[in-house]
Amino acid sequence: MTVLAIFLFIIGTLLIFIGTLLIAVGATVIIMGMALIAVGAFLLIRRLLDRDRTRSHSW
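What you see as residue numbers is a count from 1 along each chain, following the sequence as written. Local features in this predicted model are restricted to residues of pLDDT 70 or higher, and side-chain atom pairs are both shown and tallied only at a pLDDT of 80 or more, whereas totals for entire chains, interfaces and linings draw on every residue. Only hydrogens and water are set aside when side-chain values are computed; all heavy atoms of the structure are taken into account.

This part takes up the overall build of the protein chain. If you tally the helices and strands in the protein chain, you get 1 helix and 0 strands. When each of the 59 residues of the protein chain is scored for burial, the buried share is 0%. What sets the accessible areas is the Shrake-Rupley method with a 1.4 Å probe; for residues, cover comes only from the shown protein chains. A total of about 5,800 Å² of accessible surface is found on the protein chain, and carbon and sulfur atoms cover 79% of it. To qualify as a helix, a DSSP run of H or I must reach at least 4 residues; to qualify as a strand, a run of E must reach at least 2; elements of each kind are numbered from the N terminus. For every residue, the accessible area (1.4 Å probe, protein chains only) is compared with the maximum for its type, and the residue is labelled buried under 20%, exposed over 50%, or partly exposed between those bounds.

With that out of the way, let us pick up a nonpolar patch on the surface. Each patch is built from residues that are more than 30% exposed by relative accessible area and take part in no salt bridge. Like charges join if they lie within 9 Å; nonpolar side chains (Val, Leu, Ile, Met, Phe, Trp, Tyr) join within 5 Å. Within this document, salt bridges are pairs made up of a side-chain nitrogen of Lys or Arg and a carboxyl oxygen of Asp or Glu, the two lying within 4 Å of each other. A grouping of Ile6, Phe9, Ile10, Leu14, Phe17, Ile18, Leu21, Leu22, Val25 and Val29 is seen on the molecular surface, where their side chains present a nonpolar patch of about 1,000 Å² in accessible area. Mapped onto the secondary structure, Val29 falls in helix α1 (residues 2-55).

Structure below.
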């Protein structure tokens, strides 16, 4: 019974560690995605504003 308890304890600890690692990887991917969306929105807005600025010139 003690061997089974130790075995289950080790398996549970490994599962918790793997779960924590997956949560950390998921959070990193979400943050990187948010950063990419922010950069894309910034470039798109800058491009749209730049296009409006160049149209207003008469020459």
